[in-house]
Amino acid sequence: MQDEVDRLIADWRRERPDLDLAPMQVLSRVTRLAKQLDHARSAAFAEHGIVSWEFDVLAALRRSGEPYQLSPGRLLQETMVTSGTMTNRIDRLAARGLVVRGPDPHDGRGVAVTLTPAGLTAVDGALVDLLTAERAILGVLSDEDAASLADLLRALAQELERPGPAA
């Protein structure tokens, strides 16, 4: 049974038999799966009136536990965006009533971003739908195969996340 990546590899082998195409066997599939996952995520989030970047911020707040509150700096770390981007995102989420800004209870000079009840409802619903979609995507794998794949991807991700030049 072949997939589109097998067909692409065959074409490249015909055209460039001098190259080792082994990385494409894995990473082209990861890229294609990521695109499919993005579509599934977008659909799950749309059902709850949010988009991916909104989910990322709301989910960071939700995972923090009650009172679902983080500093903008901590949100930067959680979502890996720039300061200017985060400020814009917080502004937009606040305008929609999904978060509020207030004084940081631990630092009188700081600001805290807190999930509102509407934000909590949106992120919790989106998470349930996301997990349903992800479970369906992984449904072709046994539990053992899914766990093995998670282990392999973790090893690759850990290597790529190490500081310094990429391999």
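Thresholds, definitions, all that
Residues numbered from 1 in each chain as written. Predicted model: local features only at pLDDT ≥ 70, side-chain atom pairs only at ≥ 80, totals over all residues. Heavy atoms only, no water. Domains from an automatic or database assignment. Contact = heavy atoms within 4.5 Å. Buried area = accessible area lost by both parts, 1.4 Å probe. Salt bridge = Lys/Arg side-chain N within 4 Å of Asp/Glu carboxyl O. Helix = DSSP H or I, 4+ residues; strand = E, 2+ residues; numbered from the N terminus. Buried < 20%, exposed > 50% of the residue type's maximum accessible area, 1.4 Å probe, protein only. Core = buried A, V, L, I, M, F, W, Y, C linked by side-chain atoms within 4.5 Å. Expected span 1.5 Å × (residues − 1). Polar contact = N/O pair within 3.5 Å; in protein donor to acceptor, adjacent residues only side chain to side chain. UniProt positions renumbered as here; feature names shortened; annotations may be inferred.

**Here's the deal with the domain arrangement of the chain**
As assigned here, the chain comprises domain 1 (1-47) and domain 2 (50-133). Between the C-alpha centres of domain 1 and domain 2 there is a distance of 33 Å. Opposite the 7 residues of domain 1 that make contact, domain 2 presents 9 residues. For the pairing of domain 1 and domain 2, the buried interface totals around 640 Å² over both sides, and the portion due to carbon and sulfur atoms is 62%. Sorting the residues of domain 1 by area buried against domain 2 places Arg 41, Ala 44 and Phe 45 first, and these three jointly supply 78% of that buried surface. Remark: the boundary between domain 1 and domain 2 carries 1 salt bridge. For Arg 41, the salt bridge identified is with Asp 56, shortest N-O distance 3.3 Å.

**Description of the pattern of salt bridges**
Evaluated as defined, the whole model comprises 14 salt bridges. Its salt-bridge partner being Asp 3, residue Arg 29 comes within 2.8 Å of it at the nearest N-O pair. With Arg 29 in helix H2 (residues 22-46) and Asp 3 in the segment before helix H1 (4-15), this pair connects stretches of sequence that are 26 residues apart. Residue Arg 29 is classed as partly exposed on the basis of its relative accessible area of 23%. With its nearest N and O atoms 2.8 Å apart, the salt bridge here joins Asp 124 to Arg 62. Remark: Arg 62 occurs in helix H3 (residues 52-63) and Asp 124 occurs in helix H6 (residues 117-137); sequence separation between them is 62 residues. Exposure remark for Asp 124: the relative accessible area of 28% places this residue in the partly exposed category.

**Some thoughts on the nonpolar core**
As a rule of thumb, nonpolar side chains are buried together in soluble globular proteins. Core analysis: the largest hydrophobic core is formed by 24 residues, its most contacted members being Phe 45, Ile 50, Phe 55, Leu 58, Leu 61, Leu 75 and Leu 93. Of all the secondary-structure elements, those providing two or more residues to this core are H2, H3, helix H5 (83-95), strand E3 (107-115) and H6. It is H3 that provides the largest number of residues to this core, a total of 7 residues. For Leu 61, the contacting residues outside a window of four places in its chain are Tyr 68, Gln 69, Leu 70, Leu 75, Val 99, Val 113 and Leu 115.

**As for H1**
Its 12 residues place the ends of H1 17 Å apart at the C-alpha level, agreeing with the 16 Å of an ideal helix rising 1.5 Å per residue. Capping the start of H1, Asp 3 holds a side-chain oxygen 3.2 Å from the backbone nitrogen of Val 5, two or three residues further along.

**As for the UniProt feature "domain: HTH marR-type" (unreviewed entry) in the chain**
Feature annotation in UniProt places "domain: HTH marR-type" (unreviewed entry) on residues 23-158, given in this structure's numbering. Counted over residues 23-158, helix gives 69% and strand 12%. Its end C-alpha atoms are 18 Å apart.

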